[in-house]
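Residue-level structure breakdown
Listed here are the chains, written in short residue letters.
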Amino acid sequence: NYKIDDSKRIAYYTPLNYEDWYLVTIAETSAFKSQFDSKKTAGIVALAVILGSLAILIAYIVKVGNDFSKEMKKAQEEIDLRNRKFRVVASQVSGIIFEYNLGDQGINIISNINSRKSNRNMWWSFNDLMLKIVYPDDIHIFKRLIKSVEKGKGDVSEDIRMKFNEIDGYVWYRVRVFKLSE
């Protein structure tokens, strides 16, 4: 940095690797400053665009997350309401309500009636349930009911003997099977 005729100048040199020669560049400071200022302005504009885009993206992600959260909360409230209604209906039914999961073939005895209270909300495997409560000669009927629902039949019923405790022994029940959802 030096002055010539009241103008500031900058000198810059670079070795050329040829017989100890150097390239010397002398220019006014204002030339470097204008180039630097234009690049600085372009950099600031690019940074502002990137930060603005990032802010918009973050706002969008927050909005989508909030919308999803609201939908999940609403869905959970609907499920809770359906479960409360189902429990009220199940408590008023004189029969036994089973829930059968086609995926894992688990059966849940949901009803809470008489001496069968202890079975409430216990998951059984399909085969265990048949061996424990279905009369041996009626197992094929029970299997047929389940298979018909698996094949898409809407609503089927059969009379089957079952026992839920050793005191009462086997009792005839009308078993009605239907598919609630896919």
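Heads up: these notes are all about the structure in this document. Every value quoted in this text rests on a predicted model; they were computed, and no experiment measured them. (Residues numbered from 1 in each chain as written. Predicted model: local features only at pLDDT ≥ 70, side-chain atom pairs only at ≥ 80, totals over all residues. Heavy atoms only, no water.)

**Section: the pattern of salt bridges**
Here is the rule: Counted as salt bridges are all cases of a side-chain nitrogen of Lys or Arg within 4 Å of a carboxyl oxygen of Asp or Glu. Helix and strand assignments follow DSSP, with helices taken as H or I runs no shorter than four residues and strands as E runs no shorter than two, numbered in order from the N terminus.
Scanning all chains against the criterion turns up four salt bridges. We note a salt bridge from Lys-63 to Asp-67, for which the minimum N-O separation is 2.8 Å. Taken together, the residues Lys-63 and Asp-67, both in helix H1 (residues 29-92) and four residues apart, mark about one turn of the helix.

**Focus on helix H2 (residues 126-133)**
Here is the rule we go by: Here's how the labels work: a residue is buried when its accessible area is under 20% of the maximum for its type, exposed when over 50%, partly exposed in between, all with a 1.4 Å probe on protein chains only. Here, the arc refers to the directions that run from the helix axis to the C-beta atoms.
Taken together, the buried positions of H2 are Phe-126, Leu-129, Met-130 and Ile-133. Along the axis of H2, the buried positions cluster into a sector of 100 degrees, meaning they face one direction only.

**Re unusual backbone geometry**
In this structure, Asn-17 takes a positive phi of about 60 degrees despite not being glycine. At Asp-20, a residue that is not glycine, the phi angle is positive and equals roughly 60 degrees. Its location among the elements puts Asp-20 in the loop between strand E2 (7-15) and strand E3 (22-28). Among the residues examined, Asp-20 registers a relative accessible area of 73% and is labelled exposed.

**Considering the nonpolar core**
We count it as follows: Throughout this description, the term nonpolar core refers to a set of buried Ala, Val, Leu, Ile, Met, Phe, Trp, Tyr and Cys residues connected via side-chain atoms within 4.5 Å.
The biggest cluster of nonpolar side chains holds 19 residues, and the ones touching the most others in it are Val-134, Phe-142, Ile-160, Met-162 and Val-175. Residue assignment for this core shows that the elements contributing at least two residues are H2, helix H3 (139-150), strand E7 (155-162) and strand E8 (171-178). With six residues, the single largest contributor to this core is H3.

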